[in-house]
Amino acid sequence: MGNLVADLRAIAGPAHVLADPDVVAGYATDWTRRYTGSASCVVSPGTTAQIAEAIQACAGYGARVIPQGGNTGLVGGSIPPAQSDGADCVILSTKRLTALCPVDPRSRQVTAGAGVTIARLADHAAAAGLRYGVDLASRDSATVGGTIATNAGGIHTIRYGPTRSQVAGLIAVLADGSVVGSLSGLTAGSTGFDLAQLLVGSEGTLAVITEARLALRPPEPAAAVLIAGTTGIAAATELLAHIREVIPDLLAAEYIDAAGLALVRDVAGLAPPTADPHEGYLLVEIAATAGVPDPDAYLQRLDTVGLPADTVVALDANAMAALWSYRERITEAIATIGMPHKIDVAVPIPALGAFCADLEGVVRDAVHGHGNSEPRLIVFGHLGVGNLHVNVLGPDPADTGVDEAVARLAASHGGSVAAEHGIGRAKTGWLAFSSLAADVDAMRSIKTALDPAGLLNPGVLFPPEIQQQRATTRTV
Ligand code: FAD
Ligand code: 2HG
Ligand code: ZN
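Residues numbered from 1 in each chain as written. Chains lettered and ligands numbered in written order. Predicted model: local features only at pLDDT ≥ 70, side-chain atom pairs only at ≥ 80, totals over all residues. Heavy atoms only, no water.

Caption draft 1: Summary view of the coordination of the zinc ion (ligand 3). Donor atoms from the polypeptide that coordinate the zinc ion (ligand 3) comprise His 382 (NE2), His 389 (NE2) and Glu 420 (OE), at 1.8 to 2.1 Å from the metal. Binding-site remark: the zinc ion (ligand 3) is held by donors from one chain whose sequence spacing is H-x6-H-x30-E. With a relative accessible area of 6%, His 389 lands in the buried category. (Donors = N, O, S within 2.8 Å, 3.2 Å for Na, K, Ca; no water. Buried < 20%, exposed > 50% of the residue type's maximum accessible area, 1.4 Å probe, protein only.)

Listed below in structure tokens is the structure:
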């Protein structure tokens, strides 16, 4: 490995290859601390050309490349495998790819380096009178490259779609070191496969994304944020449907269950949002759009919806931010009390009630079946797009029984085992629950075609048994 480190230092510069095991260990552990692996070094190239050279150097030594952005991913995709197959792993950090070009107001697009954080991108867009459509609580660390690689969603997906909907082009380095893509931002074009969209959600398994051309939106300030108590998720979806009938322009529609609200209040020292306690809470952010002149107009429309009497409506920025804290601080609040099992699922909105009705029993059975103590279940998420974050505390982090049971339950309700966090290392075994075998096989064929040696992010996204089968086939 000594030679590879030397070669990488020659490519990226001596200061940009870290090989001290203690330092490397920090990069090889994920945000949740549930997933950890080992790598020989961390390389931070400064340009696309250096990334191409670094990838070729790694390939020459048979070393694997683990692309890493802000390392805020929640499915173990940004860190090396726990068990090595004998090959060295190199973490390729995009932290030096921070170039941010001026916003083009005519196309409403901007070009950003893969290492630009979402918060910086949002500020940059705002300074030009525009907004970036993806926002998430990890905004200060999550990067353009990482959010593209995971097709991140976030709080405004109901309005602007996930990251996929913002990508107008990108530049990426494939496993053989070739550079593909375009930053022209053309929205008209039919020249074969859309490589940029293929790389969205590819989780570092097909290429390292180095730059992206991103669509920006006209500014849509929030006119109001409300929190309404409900009797649970089914009631919350009904209430949301009524609100959408009278106010179509929602920026966000989020759900928090009573356990999540109690925890975030406890950890963050927040007062109750509503006068009475409820089983669940619906948080809605309403866009100030041209058709509705002032906040009173929104309040009049909301009067027709039959909101609970203790609904809280915030109309000024500080009060809106205060209501958002109940939702935005849940992940960090959960992290203060243990290492949760995080199961990010999508379920068709009409089936959310039935899914949640089954959830507690499924979690309890899975946990007791594995000899664990009483689980602590917290459910919240992006209700407007049917994306729930099921967090379970109690079972040993290494015991994946409860994770699998929840993933199966989501699939049995017509849902998906991953909504916005990706498959990573955490969910490879469950991909087939909600994807056709032929779909997984087609994805695997693409992986094999673009990365025949399995250089990029091995063990991420693809079910191990399929990798095994293919490996056997190739050997034969
Ligand atoms: P990393 O964690 O570094 O990497 C994630 C994956 O992308 C890995 O597979 C990695 O190999 C790959 N990757 C990274 N950069 C590149 C690149 N340049 N080229 C190719 N592959 C690359 N996610 C949501 O979707 N919605 C949310 O609302 C949300 N909220 C969060 C809140 C908190 C508090 C936290 C901690 C996380 C949250 N996340 C959320 C998860 C996380 O922020 C996202 O998955 C984000 O997209 C990861 O970006 P990153 O730069 O940190 O990527
Ligand atoms: C969110 O929506 C994130 O807050 C994190 O996607 C979800 O902590 C989680 O499970
Ligand atoms: Zn989320």
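Next comes the rest of the write-up.
Caption draft 2: Structural detail: the site of ligand 1. Around ligand 1, the structure places 36 residues, and the nearest of them are Pro 67, Thr 72, Gly 73, Ser 138 and Thr 143. Gly 154 places a polar main-chain atom, nitrogen or oxygen, 3.4 Å from a nitrogen atom of ligand 1. Contact with the protein chains hides 96% of the accessible area of ligand 1, taken as 970 Å² for the molecule alone. Here the shell around ligand 1 gets 5 residues from one element, more than from any other, and that element is helix H5 (residues 144-150). Looking at the shell around ligand 1, its residues break down into 12 nonpolar, 22 polar and 2 charged. (Near = heavy atom within 4 Å. Polar contact = N/O pair within 3.5 Å; in protein donor to acceptor, adjacent residues only side chain to side chain. Areas by Shrake-Rupley, 256 points an atom, 1.4 Å probe, with all protein chains shown as cover. Helix = DSSP H or I, 4+ residues; strand = E, 2+ residues; numbered from the N terminus. Nonpolar A, V, L, I, M, F, W, Y, C, P; charged D, E, K, R; others polar.)

Caption draft 3: The arrangement of the environment of Met 443 in detail. Looking at the secondary structure, you find Met 443 in helix H16 (residues 437-450). As a C-alpha pair, Met 443 and Glu 279 span 164 residues in sequence and 41 Å in three-dimensional space.

Caption draft 4: Broad picture of unusual backbone geometry. Phi is positive for Asn 71, close to 55°, though the residue is something other than glycine. Mapped onto the elements, Asn 71 comes out in the loop between strand S3 (64-68) and strand S4 (89-93). Among the residues examined, Asn 71 registers a relative accessible area of 15% and is labelled buried. Notably, Asn 457 is not glycine yet its phi reads approximately 45°, a positive angle. Considering the arrangement of structural elements, one finds Asn 457 in the loop between H16 and helix H17 (464-475). Note on Asn 457: relative accessible area 2%, which makes it buried.

Caption draft 5: Representation of the sheet that holds S4. Strand order in the open sheet made by the 4 strands is S1-S2-S4-S3, with mixed pairing throughout. A single partner strand is all that each edge strand has here, and the edge strands are strand S1 (17-18) and S3. The pairing of S3 with S4 spans 5 bridges and is parallel. If you follow Ile 66 over to S4, its bridge partner there is Ile 91. (Pairing = 2+ DSSP bridges.)

Caption draft 6: Focus on the sheet that holds strand S9 (residues 222-230). Taking strand neighbours across the sheet as the criterion, the 7 strands line up as S12-S9-S11-S10-S14-S15-S13 in an open arrangement whose pairing is antiparallel. Single-partner strands in this sheet number two, and they are strand S12 (312-314) and strand S13 (341-346). Strand-to-strand twist of the sheet, defined as the mean angle between neighbouring strand axes without regard to direction, takes the value 15°. Relative to strand S11 (residues 280-287), strand S10 (residues 250-257) runs antiparallel, the two sharing 7 bridges. Each bridged residue has a counterpart across the sheet, and for Ile 256 the counterpart in S11 is Tyr 281. On the sheet, helix H11 (residues 317-328) packs against S9, S10, S11, S12, strand S14 (376-382) and strand S15 (387-393) and is oriented at approximately 45° with respect to S9. (Axes fitted to C-alpha atoms, helices over the stretch in contact; angles between N-to-C directions. Contact = heavy atoms within 4.5 Å.)

Caption draft 7: View of the nonpolar core. With 41 residues, the main nonpolar core has Phe 355 and Leu 359 as its most contacted residues. It is helix H13 (residues 352-369) that contributes the most residues to this core, 6 residues altogether. When residues no more than four places from it in sequence are discounted, the contact partners of Phe 355 are Val 345, Val 347, Leu 388, Val 390, Val 406, Leu 409, Ala 410 and His 413. Counting residues in hydrophobic clusters, the runner-up holds 31 residues, among them Ala 142, Val 144, Ala 152 and Ala 196. (Core = buried A, V, L, I, M, F, W, Y, C linked by side-chain atoms within 4.5 Å.)

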